[in-house]
Amino acid sequence: MDKPSPAKRMIPISLPLLGEEEQAAAARPIGSGWVTQGPEVAAFEKEFAEYAGAAHACAVSNCTTALHLALKAAGVGHGDEVITVSHSFIATANSIRYCGALPVFVDINPRTFNIDPERVEEAITERTKAVLAVHQIGMPCDLSALLPIARRHGLALIEDAACAIGSEILWEGQWEKVGKPHGDAACFSFHPRKVITTGDGGMITTRHAQWDQQFRLWRQHCMSVPDTARHHSDRVIVEHYTGLGYNYRLTDIQAAVGREQLKRLPSMIVRRRELAERYVKLLSDIEGLVLPHEPAWARSTWQSYCLGLPEQASQIPVMQALKDLGVATKTGIMCAHREPAYVSFPLCHPLPESERAQDRSLLIPLFTQMTEDDQDYVVDCLHKILNATA
Ligand SMILES: Cc1ncc(COP(=O)(O)O)c(C=O)c1O
């Protein structure tokens, strides 16, 4: 009889950390009977705002809808231009198109994978309404350079912070959380690939009370009196629909899970940062390999850990060799302008660094539960494969 082959080791690129606490929390709204946009959502918003140091936080169905609402609040409409990066998940560019506006893509700084502030200023026209800057894979973008540009030209600055809950920037001598926000609004994702998850989900923080009010109307079809208020009133209240809104609600089941995830977040970030530091120590001897750069004014969540490949190594064969050894990877962040959905869009500025980052980099496993043994295995595999190509 053949001996059973040993189970193949498989290290995922990421893994959500969900436990009994989240299971118990999800049961709470189910038991209470209030399962959408009710007390758990209100509590999650309050706790999120406290964590980020934000004046206002409004929960929505995901980060894509958060971006749509933030851009609308900034007055982005038909025929306007919004300066952003192509080098991001496609949701960033799509949210601009939902407003009837044109994404104007500019190149990235190859060291941080974030929007290059110098390219932003060159791309401003009389139709520019906003800058949509991404804190890519958790690395804060250079807000201290971007904000004065936006203010000088009267543009809104919206932060795509999908991956950046818990990231920090050094701001006027103090470490502050991304999402305070430093721009006009910041949008977060709770998709399972993010640092914390509610299955799907999103949050918008803003410094403007009026924007926050507007988000609350839009996320529920512009209903004049929310159902929570009607429910708790002794008087009969009839609601009206004051404009064109959307169903962008978060459920109470998701929010209850999110509240537990927020409790875990500080220790998750400590662990993620330990693992990132360990990768630096263990990988710095591979010739030609480019390790990610964290500027002195930034602290990343390391939502993803992105390596630049040595010149002689080919991206897909390296990924296949790692997969054969049981290590999951992804190519560098996508570029929206290369996708069929964007081929008919005018590309006003060359994007060599964005394209190179997509083609020549690799996301490798990093997640809170990753053991040192897992990490040593990933590192050994990288040594074996990349040294063989040298
Ligand atoms: C940079 C960026 N923006 C926006 C999104 C969209 O987030 P969601 O899936 O919550 O809509 C993502 C998700 O991957 C992202 O990485």
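Up top you'll find the structure we're talking about.
Below: a short report on this structure. (Residues numbered from 1 in each chain as written. Predicted model: local features only at pLDDT ≥ 70, side-chain atom pairs only at ≥ 80, totals over all residues. Heavy atoms only, no water.)

**Comments concerning the sheet that holds strand E9 (residues 174-177)**
Thinking step 1. Strand order in the open sheet made by the three strands is E9-E8-E12, with antiparallel pairing throughout. The open sheet terminates on both sides in strands that have one partner only, identified here as E9 and strand E12 (298-299).
Thinking step 2. With four bridges connecting them, strand E8 (residues 168-171) and E9 associate as antiparallel partners. Opposite Ile 169, over in E9, you have Glu 176 as the bridge partner. (Pairing = 2+ DSSP bridges. Helix = DSSP H or I, 4+ residues; strand = E, 2+ residues; numbered from the N terminus.)

**Description of the pattern of salt bridges**
Thinking step 1. Considering all chains together, one arrives at 29 salt bridges under this definition.
Thinking step 2. Residue Asp 80 pairs with Lys 129 through a salt bridge whose shortest N-O separation is 3.9 Å. Here Asp 80, found in the loop between helix H3 (63-73) and strand E2 (81-85), pairs with Lys 129, found in strand E6 (residues 128-134); they are 49 residues apart in sequence, far enough to count as distant.
Thinking step 3. Note that Arg 278 is salt-bridged to Glu 372, the shortest N-O span being 3.7 Å. Residue Arg 278 is located in helix H9 (residues 252-283), and its partner Glu 372 is located in helix H12 (residues 372-389); the two are separated by 94 residues in the primary sequence.
Thinking step 4. Each of Arg 28, Glu 40, Glu 47 and Arg 259 takes part in one network of salt bridges that share partners. (Salt bridge = Lys/Arg side-chain N within 4 Å of Asp/Glu carboxyl O.)

**Looking at the side chain of Glu 159**
Thinking step 1. Tracing the backbone shows Glu 159 in strand E7 (residues 156-160).
Thinking step 2. Although Glu 159 is buried, it forms no salt bridge, and the closest oppositely charged side chain is Arg 207 at an N-O distance of 6.8 Å.
Thinking step 3. If we ignore the near neighbours within four places in the chain, the residues touching Glu 159 are Ala 133, His 135, Leu 143, Val 178, Gly 179, Pro 181, His 182, Gly 183, Ala 185, Ala 186 and Cys 187. (Buried < 20%, exposed > 50% of the residue type's maximum accessible area, 1.4 Å probe, protein only. Lys, Arg positive; Asp, Glu negative; His and termini not counted. Contact = heavy atoms within 4.5 Å.)

**Brief notes about the sheet that holds E7**
Thinking step 1. As summarised here, the arrangement of the seven strands in space is E1-E11-E10-E7-E6-E2-E3, forming an open sheet in which the pairing is mixed. Of all the strands in the sheet, the pair left with one neighbour each is strand E1 (56-60) and strand E3 (102-106). For this sheet, the mean inter-axis angle between neighbouring strands, taken without regard to orientation, is 25°.
Thinking step 2. Pairing analysis gives five bridges linking E1 to strand E11 (residues 202-206), with the strands arranged antiparallel. By the bridge assignment for E11, Cys 58 is matched with Ile 204.
Thinking step 3. In this fold helix H7 (residues 209-218) packs onto E1, E7, strand E10 (185-189) and E11, with an angle of close to 20° to the strand it touches most, E1. (Axes fitted to C-alpha atoms, helices over the stretch in contact; angles between N-to-C directions.)

None of the figures reported here should be taken as evidence of function without further support.
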